[in-house]
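Take a look at the letters that make up each chain.
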Amino acid sequence: MSGRRVLLTGLASYWGGRLAQALEGFEQIETIIGVDADDPTMELERTEFVRVSNRHGLIQRIVRAAEIDTVIDARLIVNSVAASSRVTHENNVIGTMNILAACSGPGSPVRKFVFKSSAHYYGCEQDDPSFFTESMRRPHPPHTALERDIVDAESAVQDFAVKTPEVEVTVLRCANVLGPDVDTAFTRMFSLPAVPMVLGFDPRVQFVHEDDVVHALEHAALNSVPGVFNVAGDGVLTLTEAVGLLGKTYLPILPPYGTGLIAGPLRRLGLRIPNEMWNQLRFGRGLDNRAYKAAGFHYGYTTREAVMRFGEHLRLSPVMRGGEHEYTYEREVEEFLRWSPHVQRDREGAEADREPLGI
Amino acid sequence: MAPERTSLARPVEPDEQTAPGDDALLPAVPEDAPELMPAVEPERRLDDWGRSERVEGIFDRTIVDFFYRYWFRVEAEGLENVPSEGGALLVSNHSGALPPDAAVINKVIKEEHPHPRPVHITVEHFFKGYPGFSMLIPKIGCVAAHPANVHRLLHDERKLVLVFPEGRKGTEKLYRDRYRLRRFGRGGFVEAAMRAEAQLVPLCVVGAEEAAPIFAHADFMQRLTGLLYFPITPTFPWLGPLGMLGYLPAKFKIRFLEPIDTRELGGAAAVDDKALVQTVSQEIRARIQDNLHDMLAKRKSVWFG
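Residues numbered from 1 in each chain as written. Chains lettered and ligands numbered in written order. Predicted model: local features only at pLDDT ≥ 70, side-chain atom pairs only at ≥ 80, totals over all residues. Heavy atoms only, no water.

Caption draft 1: Structural context of helix H1 (residues 14-24) of chain A. Residue and element names in this part refer to chain A. Of all eleven residues in H1, eleven are buried, a share of seventy percent or more. Regarding H1, the residues found buried are Tyr-14, Trp-15, Gly-16, Gly-17, Arg-18, Leu-19, Ala-20, Gln-21, Ala-22, Leu-23 and Glu-24. Looking at the buried positions of H1, the neighbouring elements they touch are strand S1 (4-9), strand S2 (29-36), strand S4 (70-73), strand S5 (112-118), strand S7 (176-178) and helix H6 (210-222). (Buried < 20%, exposed > 50% of the residue type's maximum accessible area, 1.4 Å probe, protein only. Helix = DSSP H or I, 4+ residues; strand = E, 2+ residues; numbered from the N terminus. Contact = heavy atoms within 4.5 Å.)

This is the structure we're talking about:
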């Protein structure tokens, strides 16, 4: 396939921005169009941003007009603290449905659909297997709103895959992500002076580094890898082991029973533990990551390395604070840079002043 | 013999196996690809199952060693039946309020086998719900008895795995029912071994029944505490939770029986043959029961063997 034309949804989200930056470096990708209801949060070279809500009619017009062949949907909200449950539902379920609707229909140019899902799809229960493989379904129905939304969104994608066999569908179920820039429930918890734990439990935890997630999405966009895949670093740690690697102390202060009662006071103290994480703090979760490796993907970090890198970042961040400038999107400036005939585009090393990806 | 409770119309228990998902999108994973397994990180003290060499070592050197050498004075025979490499599923009878048999079997292989390997002990997932216990249990080498876990251990990691097909039915039986094997589950252990094409090694443990006899069950207390069961033993609940460790000094004898090679049964291809699975399960049960009778007939004293 030459001259790939890619549409990214959720360009303003962390993953949307990171992925757009990553894809800009590939010459075989001719066009990158990002859509979102909000302004992009990361500096982009050649990605075109279109401000549009998750309305399928509008997205469909963009898809057809630009003859998009690859749609990458990385806008799923996987942390119930990050947004209200109504916004989450709207984004995760209704948004996914609308984007799938925009990609389907007779004469649709879309040939590939990549969906970033979450390991919350599997849930977290006492009688779980120690390593979930992609063929396993969660043993119990979801009992938090977020997990329900993720299961619904994924079943809509699976439905789409069955009904439109001409589109190659890749679903990536990502484990909990750690990294210097991403904001997840675990990065917040590990940033606290001491890490709270549930008394009497030492759950197994597995992480994936943020760069590995970006590369995993990239791998799915550039190669033919239809199917559902777990994305998780090698190795499963226990929470105490991870906290030890970070060089922090742990506080077993969360009671094993009656967690619903303690959640309110904790929230007032400024510690918000998302509902879907309570069971994870008790029973933990491990994923089998072999399928994506078999599909040709190589991880840059193991779980342990991801935790250690994050520990280095935590130790450095008080020193580095304030060094970086915040990026704000200015439409006029971006349009000038992209379209003005006075801008010298062929300048060598235009990429050099940007942080390299990965290591 | 105990009343046979196996029937064809057995109820389907939901916790048996995680149901397969919508397989329209499932990728094909190569069956044997050891290079895809996570590499062992030598700096780590724990493995991916949460097993801790350090914690296990502390237990092994102290309490397990004491019971193994001086309290139970364990004698074993047939250790040559435990393979030195490759996946093998050890199948044992099970008893005792807080069963001592698992730790003793692990220790026997560590001490007396020419090529000792750690044994992964499958336990009920209920333990994952008890605070404190849930931290300790994986660290000393126990994993939840889930078919997917057993398969990964046997097939992908080629480890020794110990199962008690009687499950809690074995441990909660009363003293008067000693050495009468309960129903062997639904043959799930045979299926797991066949799918992984691993060896099945039946074994018998004599002594555990007398070491931790249960005289009665306090159902009221069980409901009150939410424990799996609330047994009345010589030391429990009189000495508090530590009373669960109040074993009597019975003489332990362990006999490993001739292994069954599941590849000769047809291996992974024959897993769906339920009749074969049930037959093998019944045969293993009968062999363990016969050998138990044989060992009991030869035993002159409960305490001195």
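Caption draft 2: How the structure looks around the pattern of salt bridges. Throughout the structure, instances matching the rule amount to 41 salt bridges over all chains. Of the charged contacts in the structure, one is a salt bridge between Arg290(A) and Asp156(B), with a shortest N-O distance of 3.1 Å. Remark: Asp156(B) occurs in helix H4 (residues 147-156) and Arg290(A) occurs in helix H10 (residues 290-294); the pair is interchain, linking two chains. A single burial state applies to Arg290(A) and to Asp156(B), both of which are buried. Among the ionic pairs, Glu157(B) bridges to Arg152(B), the shortest N-O distance being 3.6 Å. The class of Glu157(B) is partly exposed, set by a relative accessible area of 21%. Look at Arg152(B) and you get buried, because its relative accessible area is 4%. (Salt bridge = Lys/Arg side-chain N within 4 Å of Asp/Glu carboxyl O.)

Caption draft 3: Structural detail: empty space enclosed by the protein. Under the definition given, this model contains six cavities of 30 Å³ or more. Surrounding the largest cavity, 26 residues form its lining, Arg204(A), Phe283(A), Lys128(B), Ser134(B) and Pro138(B) being those nearest its centre. Mapped onto the lining of the largest cavity, the elements with two or more residues apiece are helix H9 (275-283) of chain A together with helix H3 (133-139) and strand S4 (142-144) of chain B. At five residues, H3(B) tops the list of elements feeding residues into the lining of the largest cavity. Class assignment of the residues belonging to the lining of the largest cavity gives a composition of twelve nonpolar, six polar and eight charged. (1 Å grid on protein atoms, 1.4 Å probe; cavity = no way out; pocket = protein on both sides within 12 Å on 5 of 7 lines; lining within 4 Å. Points joined across faces, edges and corners; volume = space filled by probe spheres on them. Nonpolar A, V, L, I, M, F, W, Y, C, P; charged D, E, K, R; others polar.)

Caption draft 4: Spatial organisation of the interface of chain A and chain B. Every contact between the two is made by 41 residues of chain A and, on the other side, 40 residues of chain B. Looking only at chain A, the three residues that lose the most surface to chain B are Gln126(A), Phe131(A) and Arg290(A), adding up to 18% of its buried area. A salt bridge links Glu43(B) to Arg304(A), with the nearest nitrogen and oxygen atoms 3.6 Å apart. Run the count over chain A and chain B and you get 16 residue pairs in polar contact (both at pLDDT 80 or more). Elements with a minimum of two residues in the side of chain A that touches chain B: helix H4 (145-163), strand S6 (168-174), strand S11 (227-231), strand S12 (237-238) and H10 of chain A. (Buried area = accessible area lost by both parts, 1.4 Å probe. Polar contact = N/O pair within 3.5 Å; in protein donor to acceptor, adjacent residues only side chain to side chain.)

Caption draft 5: Expanded view of the sheet that holds S11(A). All names here are of chain A. Read across the open sheet, the seven strands follow the order S3-S2-S1-S4-S5-S6-S11; overall the sheet is parallel. The sheet is open, and its two edges are formed by strand S3 (48-51) and S11, each paired on a single side. Each adjacent strand pair in this sheet contributes to an overall mean axis angle of 20 degrees, direction not counted. One ladder, built from four bridges, connects S1 with S4; its direction is parallel. Counted as the bridge partner of Val-6 is Thr-70 from S4. Along the sheet face, H1 touches S1, S2, S4 and S5 and points at about 165 degrees away from the line of S1. Sitting on the sheet, H6 is in contact with S1, S2, S4, S5, S6 and S11, with an inclination near 155 degrees to S5. (Pairing = 2+ DSSP bridges. Axes fitted to C-alpha atoms, helices over the stretch in contact; angles between N-to-C directions.)

Caption draft 6: Up close: the packing of H1(A) against H6(A). Residues and elements named next belong to chain A. Closest axis-to-axis distance for the H1/H6 pair is 10 Å, and the angle between their directions is 60 degrees. What the angle tells us is that H1 and H6 run oblique. The element H1 and its partner H6 pack so that their crossing is right-handed. Between H1, through Tyr-14, Trp-15, Arg-18, Leu-19, Ala-22 and Leu-23, and H6, the contact on the second element is made entirely by Glu-210, Asp-211, Val-213, Val-214, Leu-217, Glu-218 and Ala-221. Of the residues assigned to the contact of H1 with H6, the class counts are nine nonpolar, no polar and four charged. (Parallel < 35°, antiparallel > 145°, perpendicular 65-115°, else oblique. Left-handed = near helix turned anticlockwise from the far one by under 90°.)

Caption draft 7: Structural view of the packing of aromatic side chains. All names here are of chain B. With the rule as written, the count across this model stands at 28 aromatic pairs over all chains. Taking 4.2 Å as the distance between ring centres and 25 degrees as the angle between the ring planes, the aromatic pair formed by Phe-72 and Phe-252 counts as stacked. With Phe-72 in the loop between helix H1 (53-71) and strand S1 (75-77) and Phe-252 in the loop between strand S8 (231-232) and strand S9 (253-256), this residue pair connects regions lying 180 residues apart in the sequence. The pair formed by Phe-72 and Phe-252 is uniform in burial state, with each residue classed as buried. One aromatic cluster is present, built from ring pairs that chain together Phe-66, Phe-67, Tyr-70, Trp-71, Phe-72, Tyr-247 and Phe-252. Geometry around Tyr-68 places Lys-107 over its ring, the cationic atom sitting 5.9 Å from the centre. The lysine or arginine in question, Arg-168, covers the ring of Phe-126, its NZ or CZ lying 5.8 Å from the ring centre. (Phe/Tyr/Trp six-rings, centres within 6.5 Å; stacked < 30°, edge-to-face > 60°. Lys NZ or Arg CZ within 6 Å of the ring centre and 35° of its normal.)

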